[in-house]
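Here is how the chains run, residue by residue.
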Amino acid sequence: MKKKEPEIGIVIDPTKAELEILQAIWEMGPSTVRQVNTFINKRRFVNYSSTLKLMQIMYEKKLLKRDESNMKHIYDSAIEEYETKSLLIDRFIGNLFGGSASSLILQILGNEKASQNDLNKIKNILDKMKK
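Residues numbered from 1 in each chain as written. Predicted model: local features only at pLDDT ≥ 70, side-chain atom pairs only at ≥ 80, totals over all residues. Heavy atoms only, no water.

Participant: Whenever I open this one, the side chain of T32 confuses me. Can you help?
Facilitator: The topology assignment puts T32 in the loop between helix 1 (16-28) and helix 2 (33-41). Classification of T32 as buried rests on a relative accessible area of 13%. Setting aside its immediate chain neighbours within four residues, T32 contacts K72, H73 and I74. (Helix = DSSP H or I, 4+ residues; strand = E, 2+ residues; numbered from the N terminus. Buried < 20%, exposed > 50% of the residue type's maximum accessible area, 1.4 Å probe, protein only. Contact = heavy atoms within 4.5 Å.)

Participant: Where do I start with the pattern of salt bridges in this structure?
Facilitator: Oppositely charged side chains can pair when the atoms bearing their charge come close. Taken as a whole and assessed by the stated rule, the structure comprises six salt bridges. We note a salt bridge from E20 to R44, for which the minimum N-O separation is 2.6 Å. Here E20, found in helix 1, pairs with R44, found in the loop between helix 2 and helix 3 (48-60); they are 24 residues apart in sequence, far enough to count as distant. Classification of E20 as buried rests on a relative accessible area of 15%. Taking the shortest distance from any N to any O, the salt bridge between K85 and E81 comes out at 2.7 Å. With K85 and E81 both in helix 4 (residues 81-97), this residue pair falls four residues apart, about one helical turn. Judged by relative accessible area, which is 35%, K85 ranks as partly exposed. You can call E81 partly exposed: its relative accessible area is 29%. (Salt bridge = Lys/Arg side-chain N within 4 Å of Asp/Glu carboxyl O.)

Participant: Can you help me understand the pairing of strand 2 (residues 74-77) in this one?
Facilitator: Each regular strand carries side chains that alternate between the two faces of the sheet. Because side chains alternate across strand 2, one face comprises the buried residues Y75 and S77, and the other comprises I74 and D76, none of which is buried. Relative to strand 2, strand 1 (residues 64-67) is paired through four bridges, and the arrangement is antiparallel. Bridged to R66 within strand 2 is Y75. Turn length for the strand 1-strand 2 hairpin, with the two strands adjacent in sequence and antiparallel, is six residues. (Pairing = 2+ DSSP bridges.)

Participant: Help me understand the environment of L22, please; the structure alone is not making it clear to me.
Facilitator: Mapped onto the elements of the fold, L22 is located in helix 1. Since its relative accessible area comes to 0%, L22 is described here as buried. Considered as a pair, L22 and L88 are 66 residues apart in the sequence and their alpha carbons are 13 Å apart. Not counting the four nearest positions on each side in its chain, L22 is found in contact with P14, M58, L63, L64, S77 and I79.

Participant: Can you walk me through the nonpolar core in this structure?
Facilitator: Within soluble globular proteins, side chains that are nonpolar generally end up buried alongside one another. One finds I21, I25, V36, M55, M58 and L64 to be the most contacted residues of the largest nonpolar core, which totals 18 residues. Top contributing element to this core by residue count: helix 1, with five residues. (Core = buried A, V, L, I, M, F, W, Y, C linked by side-chain atoms within 4.5 Å.)

Participant: Sorry if this is basic, but what is going on with the confidence of the model for the protein chain here?
Facilitator: A low pLDDT means the predicted coordinates there should not be read in detail. Looking at the protein chain as a whole, its pLDDT mean stands at 88, while 92% of the residues score no less than 70. Across the protein chain, element-level confidence peaks in helix 2 with a mean pLDDT of 97 and bottoms out in helix 5 (residues 101-110) with 84. Taken as a whole, residues 1-6 scores under 50 in pLDDT and shows six contacts with residues more than four places along the chain or in a different chain. (pLDDT = per-residue confidence, 0-100.)

Put into structure tokens, the structure is as follows:
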């Protein structure tokens, strides 16, 4: 599958906090600031005003779209989840593992943090790739 290039003028380089907001929206769909803040607060406490400000910045950076037709603004992702994650993973592998995906996998498996269930899923994927 060919990777879709981001729109001209959009720089996909979200911060950790911006990724947290994007993940909330990718999971819940179009949402209000309150909904996103509630989602994030299930993991860690963040003030509503901080979430609001960051989402406004993300709108200006074209990471989010905003529907202003209602009293409560509804935000949605302006960037696709799959493409964003693919781009970030490619950068991560390129910067940290010299472009070698196998080095990344070996590092993960070497850290012994993969569960037996994860290892079975990996084995199934490899078996399918062989066929």
